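Chain by chain, the residues run as shown.
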Amino acid sequence: MRELLDILPPGSREYELARTLDPERLPAHVGIIMDGNGRWARRRSLPRVAGHRAGVEPVRMAVETCARLGIPSLTLYAFSAENWKRPRTEVETLWRLLHYYLGREVARLMQNNIRLRAIGRIHALPAEVRRQLEDAVRATSGNTGLILNLAINYSGRAEIVDAVNAIIEEARRSGTLGSLVLDEEQISSRLATSGQPDVDLLIRTSGEMRISNFLLWQIAYAELYVTPTLWPDFDRVALLEAMAAFQKRDRRFGGIHPAGNAPVEQSSLIGARGLPAQ
Ligand code: FPP
């Protein structure tokens, strides 16, 4: 938290927002569906790709802010498995932007002790992008601060299918397939985010109320935060507002709130003759 306050102008809205955050109750994993680049461009009569270009700066801001807040994991949805349906020129622009981002940012990731991971079916990316991504992942693999997962050619369903297939394959190899019984821990440990906490806060920009096949397993108990702000306009104030909203949520994980709501004894739910009490 101190590290973030150090770079914010005292008295600014972002400084005040950061100061009100409780450092003990920050999300352990933030997921962001970066949406609205096309609409941002259309509103300015610009080509869609101008919106993607303008979306690079909020990526840098979100990474830096989460790192300085001491958040363990951040996952950004950069390219879904369904995004291949977009015009070829748009897809190529997205690869060029990723190339530009990695080229400029790896040194900064190193300086800030950030570990980059790529999640998604990376093998299907253009060879040059894949190589650059793998190099960046390798170069930052010893860093111990924020884990930045870039979801690229990513599908939450495909990730779960891949995890289950990996378990089946291991069981086949070890001759235990016949007695295989899956549990949640086995699946979690084969996901691309293995070893990282589940998502606590899922942010979606541009107002759409959809999950879009993002981190389906990991968001089981995430708090959802949808803002009408389009991704290129998503600045540090917007991110800190999302964190502040997260800290106001009453998270029960299927239970009840501990304060003022003592666990209900099973017997008190049952009336004298075994009927529910009124
Ligand atoms: C969704 O907006 C955004 C994307 C599919 C791409 C996200 C890419 C960036 C933010 C560029 C930089 C990324 C990195 C990691 C360097 P949309 O095009 O679906 O917007 P629309 O719904 O308004 O059309």
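These notes cover the structure that comes with them. What you see as residue numbers is a count from 1 along each chain, following the sequence as written. In keeping with the model being predicted, local features are shown solely for residues with a pLDDT of at least 70 and side-chain atom pairs are shown and tallied solely at 80 or more, while totals for entire chains, interfaces and linings include all residues. Each side-chain value is derived from all of the structure's non-hydrogen atoms; neither hydrogens nor water enter the calculation.

### Remarks on the overall build of the protein
Piece 1. Think of it this way: any DSSP run of H or I at least four residues long counts as a helix, any run of E at least two long counts as a strand, and we number them from the N terminus. Of the regular secondary structure elements, the protein holds 10 helices and six strands.
Piece 2. In terms of overall dimensions, the protein has C-alpha extents of about 70 × 60 × 40 Å along its principal axes.
Piece 3. Each residue gets one of three labels from its accessible area relative to the maximum for its type: buried under 20%, exposed over 50%, partly exposed in between, using a 1.4 Å probe on protein chains only. Burial status across the protein gives 44% buried among its 278 residues.
Piece 4. Summarising the internal contacts of the protein: among those between residues at least 6 apart in sequence, 74% fall at separations of at least 24.
Piece 5. For the protein, the exposed surface amounts to about 14,900 Å²; the carbon and sulfur share of it is 52%.
Piece 6. Under the convention used here, Asp and Glu are negative, Lys and Arg are positive, and both His and the chain ends fall outside the count. Think of each charge as sitting on NZ of Lys, CZ of Arg, CG of Asp or CD of Glu. Looking at the protein, you have 36 positive and 32 negative side-chain charges, and the mean spots of the two groups are 5 Å apart. We call two residues in contact whenever any of their non-hydrogen atoms come within 4.5 Å of each other. Every accessible area reported is derived by Shrake-Rupley at a probe size of 1.4 Å, with residue values counting cover from the shown protein chains alone.

### Considering the site of the ligand
Piece 1. In the vicinity of the ligand lie 16 residues, with D35, G38, R39, R48 and R86 positioned nearest.
Piece 2. We define a polar contact as two N or O atoms separated by no more than 3.5 Å, with the added condition that, inside protein, one atom must be a possible hydrogen donor and the other a possible acceptor, whereas residues neighbouring each other in sequence contribute only through side-chain atom pairs. Within the side chain of R86, a nitrogen or oxygen atom sits 2.8 Å from an oxygen atom of the ligand.
Piece 3. Here the term cavity refers to a set of points on a 1 Å grid, laid over the protein atoms alone, in which a 1.4 Å probe fits but cannot get out; the term pocket refers to an open set having protein on both sides within 12 Å along at least five of seven lines, with lining residues being those that place an atom within 4 Å of a point. If over half the atoms of a molecule are within 2 Å of the grid points of a cavity or pocket, the molecule is regarded as sitting in it. Because more than half of its atoms lie within 2 Å of the grid, the ligand is assigned to the largest pocket.
Piece 4. Sorting the residues of the shell around the ligand by element identifies α3 (37-43), α4 (48-54) and α6 (88-111) as the ones contributing at least two each.
Piece 5. It is α3 that contributes the most residues to the shell around the ligand, three residues altogether.
Piece 6. Residue polarity follows a fixed list, in which Ala, Val, Leu, Ile, Met, Phe, Trp, Tyr, Cys and Pro are nonpolar, Asp, Glu, Lys and Arg are charged, and the others, Gly among them, are polar. Residues of the shell around the ligand, tallied by class, amount to six nonpolar, six polar and four charged. We define proximity as follows: a residue is near a molecule or strand when any one of its heavy atoms falls within 4 Å of that partner.

### Remarks on the pairing of strand β6 (residues 223-227)
Piece 1. Burial along β6 is one-sided: E223, Y225 and T227 are buried, and none of L224 and V226, which face the opposite way, are.
Piece 2. Sheet topology places strand β5 (residues 201-205) next to β6; five bridges connect them, and they run parallel. Looking at β6, one finds that L201 is bridged to E223. For two strands to be treated as a pair, DSSP must find no fewer than two bridges joining them.

### Some details on the pairing of strand β4 (residues 147-154)
Piece 1. Burial of β4 is extensive: eight of the eight residues sit out of reach of the surface.
Piece 2. Where strand β2 (residues 73-80) and β4 come together, seven bridges link them in parallel fashion. Counted as the bridge partner of S80 is Y154 from β4.
Piece 3. Where strand β3 (residues 115-119) lies against β4, five bridges are found, and the strand directions are parallel. Following the sheet pairing, L116 is matched in β4 by L148.
Piece 4. Think of it like this: strands point away, you trace from the first strand over the helix to the second, and a clockwise trace means the crossover is right-handed. Between the parallel elements β3 and β4, the chain passes through helix α7 (residues 127-139) in a crossover that is left-handed.

### Details of the layout of surface pockets
Piece 1. Grid points are joined across faces, edges and corners, and a volume is the space filled by probe spheres set on the points. Considering only enclosed or pocket space, the largest pocket measures out at about 770 Å³ in volume.
Piece 2. What lines the largest pocket is a set of 32 residues, and nearest its centre among them are M34, N37, Y77, A78 and N83.
Piece 3. Secondary structure elements with two or more residues in the lining of the largest pocket: α3, α4, α5 (56-69), β2, α6 and β4.
Piece 4. A breakdown of the residues in the lining of the largest pocket according to their chemical character gives 16 nonpolar, eight polar and eight charged.

### Thoughts on the side chain of T227
Piece 1. Mapped onto the elements of the fold, T227 is located in strand β6.
Piece 2. Assessed through its relative accessible area of 8%, T227 is described here as buried.
Piece 3. A polar contact is formed between the side chain of T227 and the side chain of T229, at a distance of 3.1 Å.
Piece 4. Residue contacts for T227: discarding those within four places in its chain leaves R204, T205, S206, G207 and F234.

### Some details on α5
Piece 1. Over its 14 residues, α5 runs 20 Å from end to end, which matches the ideal 20 Å to within 8%, given 1.5 Å per residue.
Piece 2. Within α5, 11 of the 14 residues are buried, which leaves the element mostly enclosed by the surrounding structure.
Piece 3. Of the residues making up α5, those classed as buried are V56, P58, V59, R60, M61, A62, V63, T65, C66, A67 and L69.
Piece 4. Backbone geometry just downstream of α5 places G70 in the positive-phi region, at approximately 80 degrees. By this rule, a helix spans an expected 1.5 Å times one less than how many residues it contains.

### Here's the deal with the packing of aromatic side chains
Piece 1. Ring geometry is summarised as follows: Phe, Tyr and Trp rings, the Trp one being its six-membered ring, pair when their centres sit within 6.5 Å, and such pairs are stacked at plane angles under 30 degrees, edge-to-face over 60 and tilted between the two. Within the structure shown, the criterion is met by eight aromatic pairs.
Piece 2. Arranged with centres 5.2 Å apart and planes meeting at 20 degrees, the rings of W231 and F234 form a pair that is stacked. The burial state of W231 is the same as that of F234; both residues are buried.
Piece 3. Taken together through their ring pairs, the aromatic side chains of Y77, Y154 and F214 make up a single cluster.

### Describing α7
Piece 1. Between the first and last C-alpha of α7 there are 18 Å, a value that for 13 residues agrees with the 18 Å anticipated at 1.5 Å per step.
Piece 2. Those residues of α7 not exposed but buried are V129, Q132, L133 and A136. Along the axis of α7, the buried residues cluster in a sector spanning 100 degrees; they form a single face. This arc is taken over the directions from the axis of the helix to the C-beta atoms.

Shape is all these values report; function is a separate question.
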